[in-house]
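Listed here are the chains, written in short residue letters.
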Amino acid sequence: AIAMSTTITLRHTFAIDEATYWDKLFFDPAYSRRLYLEALEFVRFDPSEAVTESDGSRTLRVAMEPKNDAPAVVQKLAGTLAYVEEGRWEAKDRVYRFTLTPSKLAEKVKMSGSIRVSPRGEREIERVVEVRTEVKLFAVGGVFESFIEKTTRDSWEKNAVFTRAYIAEMSR
């Protein structure tokens, strides 16, 4: 099968500082639960591991399952869209790097990426999310890949909308 790979880069700005983004949002269990279960309407969001190391670096492991509105061919091949995210935020370069391992087709569908945040003035940051996808599926790879690309873009846009509303709520 021919491997198809795509890299998506998404940028969002938020009216908070970098430390608040990581501490009060990204690594906050209450924010994450609301983001995935309410805003993104995931069927399952199950953080099984969150470790902070002595240098401040953090690792996460979360089992997740988005609701399945995939095209029939994707549903037939993948069944559930459940996956495990394993990520690590390095204190020294302040970048979160992650891999997403699907519960089925893990040898055929590989996803990984990074999230970095940079200051944009006094109380504003820009979040840059990069997601790399590689699909090795004969004949239906293109359908699979475009489905992944569309859902990745959609969910990060919903994430940004929810995050802005959450920040507004926090600052009340």
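Just above, that's the structure.
These numbers come from a predicted model, not from an experiment. (Residues numbered from 1 in each chain as written. Predicted model: local features only at pLDDT ≥ 70, side-chain atom pairs only at ≥ 80, totals over all residues. Heavy atoms only, no water.)

1. Regarding the packing of aromatic side chains
Defined as follows: Geometry of aromatic contacts follows a simple scheme: Phe, Tyr and Trp rings, the Trp one being its six-membered ring, pair when their centres are within 6.5 Å, and the pair is stacked under 30 degrees between planes, edge-to-face over 60, tilted otherwise. Secondary structure elements follow DSSP: runs of H or I of four or more residues count as helices, runs of E of two or more count as strands, with numbering from the N terminus. Residue burial is assigned from relative accessible area. The probe radius is 1.4 Å, only protein chains are included, and a residue is buried under 20% of its type maximum, exposed over 50%, and partly exposed in between.
Under the definition given, this model contains 16 aromatic pairs. Their ring planes at 80° and their centres at 6.3 Å tell us that phenylalanine 27 and tyrosine 96 sit as a pair that is edge-to-face. Within this pair, whereas phenylalanine 27 is found in the loop between helix H1 (18-26) and helix H2 (29-39), its partner tyrosine 96 is found in strand E5 (residues 95-102), the two being separated by 69 residues in sequence. Look at phenylalanine 27 and you get buried, because its relative accessible area is 15%. Residue classification places tyrosine 96 among the buried residues on the basis of a relative accessible area of 0%. Between phenylalanine 162 and tyrosine 166, the ring centres sit 5.6 Å apart and the planes meet at 40°, which makes this aromatic pair tilted. Separated by four residues within a single helix, phenylalanine 162 and tyrosine 166 lie in helix H4 (residues 141-170), roughly one turn from each other. Classification of tyrosine 166 as buried rests on a relative accessible area of 11%.

2. Thoughts on the side chain of threonine 6
Our working rule: By the criterion applied in these results, polar contacts are pairs of N or O atoms within 3.5 Å in which, for protein atoms, one can donate a hydrogen and the other can accept it, and in which residues neighboring in sequence qualify only through two side-chain atoms.
As for its placement among the helices and strands, threonine 6 is situated in strand E1 (residues 3-14). At 2.4 Å, the side chain of threonine 6 forms a polar contact with the side chain of glutamate 145.

3. What about unusual backbone geometry?
One non-glycine residue, glutamate 41, lies in positive phi territory at about 55°. Looking at where glutamate 41 falls in the secondary structure, it is placed in the loop between H2 and strand E2 (44-52). Glutamate 41 gets classed as partly exposed once you look at its relative accessible area, which sits at 43%. The residue arginine 94 is not glycine, and still its phi comes out positive at about 50°. Note that arginine 94 resides in the loop between strand E4 (83-90) and E5. Arginine 94 gets classed as partly exposed once you look at its relative accessible area, which sits at 39%.

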